[in-house]
Amino acid sequence: PPVIETHDIAKEYQMGTERIHALRSVTITIQRGEYVAFMGPSGSGKSTLMNIVGCLDTPSRGNYILNGKDVSRMSDNQLAEVRNKEIGFVFQTFNLLPRATSLDNVALPLIYAGYSKSQREEKAMDALQSVGLADRAKHRPNELSGGQRQRVAIARALVNDPSIILADEPTGNLDSKTSYEIMELFEALYVKGNTIIMVTHEEDIARYAHRIVRLRDGLVESDMANNDLATLH
Ligand code: ADP
Ligand code: ADP
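Notes on the structure follow. Worth saying up front: this structure is predicted, and the values here are computed from it rather than measured.

A few points about the site of ligand 2
(1) Moving on: Around ligand 2, the neighbouring residues are S47, N51, L56, F91, N95 and D168.
(2) Moving on: Between ligand 2 and the protein, one listed contact pairs a nitrogen atom with a side-chain N or O atom of N95 at 3.4 Å.
(3) Moving on: One of the side-chain nitrogen or oxygen atoms of D168 is found 2.8 Å away from an oxygen atom of ligand 2.
(4) Moving on: Protein chains shield 45% of the accessible area of ligand 2, which is 560 Å² for the free molecule.
(5) Moving on: Here the shell around ligand 2 is composed, by residue class, of 2 nonpolar, 3 polar and 1 charged.

This is the structure we're talking about:
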């Protein structure tokens, strides 16, 4: 089955007496191994859609099927369990624990999965290796550059072998050279078969994805293969 299917999903927020239609009707299918960018102007519904796809929230109407399982009406606890297993999150602000080493930051998601300490360290080391940071395992975030911090965060997202890597403005706090290095890393992860969804409002960054879904006013304005892939250097 596809890794992601949304069927006519809508999301409404009540603000006092006002009803806000953040998503009106969104139907998207994403296959395993795709690399997709969600784009759109501020207020178009990107964060709302990302929160639903990332199992942080559920739709008001319609169905979201993740790996063949309908997660649209799950309780918060059920959703948290699915999220920990299926989704690797990467954030604009890295969200690393400042006092923990790279290795400990990356190993963190494995605690909930019930691995022993030595298994956690081995898997975390493998994940750091896969982002080229094995030699920074014992460093803390303040001893790393911005790009290195984001690579630690990407290793943390990968460590549970998730179905999807969900990246919210992953280059939003990085200079352009470092941003392109992170895009090269995503390309390498894509080539290895990972499914990547990136939310961005930057055209220069979206051009690295292989498919671009554009939202406007809570609807899909366009959904196209990217024939203008940016050249990596
Ligand atoms: P984007 O990420 O594209 O900027 P959002 O999904 O954040 O768009 O927002 C879509 C619309 O829903 C906006 O009008 C926004 O103000 C509204 N919205 C988002 N989250 C909430 C919320 N928790 N409560 C009320 N309105 C919200
Ligand atoms: P925005 O894109 O609007 O600036 P953020 O990037 O801060 O918002 O967060 C995007 C969404 O992810 C928010 O709904 C937030 O609640 C959620 N989120 C942020 N950090 C975490 C986390 N560590 N674990 C799970 N969800 C998170």
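Structural notes on the site of ligand 1
(1) Moving on: Around ligand 1 sit Y13, M15, I20, A22, P41, S42, G43, S44, G45, K46, S47 and T48, and that is every residue in its neighbourhood.
(2) Moving on: In this structure, S44 approaches ligand 1 through a main-chain N or O atom, which is 3.2 Å from an oxygen atom.
(3) Moving on: The side chain of T48 places a nitrogen or oxygen atom 2.5 Å from an oxygen atom of ligand 1.
(4) Moving on: Among the secondary structure elements, those contributing two or more residues to the shell around ligand 1 are β1 (4-15), β2 (18-30) and α1 (46-53).
(5) Moving on: It is α1 that provides the largest number of residues to the shell around ligand 1, a total of 3 residues.

Here's the deal with a nonpolar patch on the surface
(1) Moving on: The grouping of Y13, M15 and I20 at the surface amounts to a nonpolar patch, some 270 Å² of accessible area in total.
(2) Moving on: For I20, a relative accessible area of 31% translates into the label partly exposed.

Considerations on helix α5 (residues 146-158)
(1) Moving on: Between its first and last C-alpha atoms α5 spans 18 Å; for 13 residues at 1.5 Å apiece the expected length is 18 Å, and the two agree.
(2) Moving on: The buried fraction of α5 is high, at 10 of 13 residues.
(3) Moving on: Within α5, the full set of buried residues consists of G147, Q148, Q150, V152, A153, I154, A155, R156, A157 and L158.
(4) Moving on: The inward-facing, buried residues of α5 contact β6 (87-91), α3 (102-113), α4 (117-130), β7 (164-168) and α6 (176-191).

Definitions and limits used
Residues numbered from 1 in each chain as written. Chains lettered and ligands numbered in written order. Predicted model: local features only at pLDDT ≥ 70, side-chain atom pairs only at ≥ 80, totals over all residues. Heavy atoms only, no water. Near = heavy atom within 4 Å. Polar contact = N/O pair within 3.5 Å; in protein donor to acceptor, adjacent residues only side chain to side chain. Areas by Shrake-Rupley, 256 points an atom, 1.4 Å probe, with all protein chains shown as cover. Nonpolar A, V, L, I, M, F, W, Y, C, P; charged D, E, K, R; others polar. Helix = DSSP H or I, 4+ residues; strand = E, 2+ residues; numbered from the N terminus. Patch = residues over 30% accessible without salt bridge, like charges linked within 9 Å, V, L, I, M, F, W, Y side chains within 5 Å. Salt bridge = Lys/Arg side-chain N within 4 Å of Asp/Glu carboxyl O. Buried < 20%, exposed > 50% of the residue type's maximum accessible area, 1.4 Å probe, protein only. Expected span 1.5 Å × (residues − 1). Contact = heavy atoms within 4.5 Å.

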